[in-house]
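Single-letter residue listing:
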Amino acid sequence: MPFPNDIQSALLFDRPIANLEAVMRGFLNVEAARGLQYNIVEAKPGVFYRLYGGGELMITLEYIAAPAKAEAFKAAMSSAITRIYCPNMGERLMRHKSHILIGVSDGVLPSTPDIDRMLAQIGYQKPGMTLPKFLRRLDTCALLSRIAMDETRATAVHWTQSDQLIPGEKFDAIATGPAPGMLHIHPFLYGSGESPDGKPLAGIRTFGAAHFIDREIRIEPHELPWMANFETILAFLRVATTQNGYIIPDNDTFGPEDHSLSYRVRHLAATADDVALYELEPLLYREHGYQSPHYVPREQTFDDRTAPDELMPPDPERQELLGEWQEKRAMAEGIGGRFEVRSRNPRSPATPPTQPTGFGIRRMFGRKIG
């Protein structure tokens, strides 16, 4: 489901703490400096606080002087990324003595299956079911978590939206920056074996992307470093969630305008064995010396508004294709990018463009256009 309403983090500590009041006051001071006010609607000093305000946000802070239930961490501990972030995460979980639960939601109604089902039946849309509101909840939960650790450093943070376990000393770096980012997208790594030239193969299946774009993302096991592929997944999500953003259409490609990399996007329908996915296929990654046999070279590129006649099909297919390209060019230009068309064999009049689109979007990599 896109834009989940309840965002939660659990901060695990290796000793008892007594700073929940200071965390709450610190947050109120930061938000007041931004012109946002909250009411304290429930308080059990040092144990529980409920705040409401700041644009209809409901916030809870709860201190529990006992370890969290181990079952909550089962999926996160099964992920290779947890071991990459923190090889001794299992030991940290075993020795934690207390934890703080931070919750952020929109509106005054709690989110339960029964309540959500009842509201859906009467056609009521709960507040906060928009991307900007969702981003606000994520940012607020991250802010509260960071303020809490300014008081006392947690040994680990369980970020439940993406089901990630993050060592406390790395949380600030991972949580810094706009969403969607590393904090919000969990890259479950899978696959084994090696490529013909001995490079390890690793695939990625995300958890958390569907909260932004209603589908998870997959990259099949590949010789490229998993982090390079993960950065491209984040770029794909930024294209989708930026102002005027959109999902790259099925079978189109995208990449930065310097043509340093290119990925094909496929929209995979749900099957009996799996849900619907977006799949990214690496075609080019110059930094790592990779080029797929399916990559169409830059030299075979032309502007869709000046397509060679010998490549175009007869009417009415020609007009339909030109109309499709015009729509896609408008989408790409709407986020500051560029649209181009490529042909596998531009000299053959019998061969229409088989890779009809390529996107150069510098903005998604933090570079300003022109």
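Residues numbered from 1 in each chain as written. Predicted model: local features only at pLDDT ≥ 70, side-chain atom pairs only at ≥ 80, totals over all residues. Heavy atoms only, no water.

1. So, the packing of helix α1 (residues 20-33) against helix α6 (residues 131-151)
- Two elements in contact, α1 and α6, have axes whose closest approach is 9 Å; the angle formed by their N-to-C orientations is 130°. By the angle class used here, α1 and α6 are oblique. Viewed along their axes, α1 and α6 form a crossing whose handedness is right-handed. Contacts from A22, V23, G26, F27, V30 and E31 in α1 reach R136, T140, L143, L144, I147, A148 and E151 in α6.
- Across the contact of α1 with α6, the residue classes break down as eight nonpolar, two polar and three charged. (Axes fitted to C-alpha atoms, helices over the stretch in contact; angles between N-to-C directions. Helix = DSSP H or I, 4+ residues; strand = E, 2+ residues; numbered from the N terminus. Parallel < 35°, antiparallel > 145°, perpendicular 65-115°, else oblique. Left-handed = near helix turned anticlockwise from the far one by under 90°. Contact = heavy atoms within 4.5 Å. Nonpolar A, V, L, I, M, F, W, Y, C, P; charged D, E, K, R; others polar.)

2. Points about the pairing of strand β9 (residues 202-207)
- Pairing geometry for strand β8 (residues 186-190) and β9, over five bridges, is antiparallel. Directly across from Y190, in β9, lies its bridge partner G203.
- Alignment of β9 against strand β10 (residues 216-222), held across three bridges, turns out to be antiparallel. Paired with R205 across the two strands is R218, which belongs to β10. (Pairing = 2+ DSSP bridges.)

3. With respect to the packing of α6 against helix α7 (residues 168-175)
- Running from N to C, α6 and α7 point in directions that differ by 145°, and their axes come no closer than 11 Å. Crossing of α6 against α7: the hand is left-handed. Contact with α6, carried on its side by A142, S145, R146 and M149, involves G168, F171, D172 and A175 of α7 and no other residues of that element.
- Among the residues making up the contact of α6 with α7, the classes are represented as four nonpolar, two polar and two charged.

4. Side note on the side chain of H96
- Its place among the elements puts H96 in the loop between α4 (89-95) and β5 (98-106).
- Sequence-distant contacts of H96, defined by excluding residues within four places in its chain, comprise L12, F13, D14, P67, A68 and F73.

5. Some points on the confidence of the model for the chain
- Per-chain confidence: the chain averages 86 in pLDDT, with 85% of residues scoring 70 or above.
- Across residues 346-370, confidence stays below pLDDT 50; counting only partners more than four residues off in sequence or on other chains, it has 84 contacts. (pLDDT = per-residue confidence, 0-100.)

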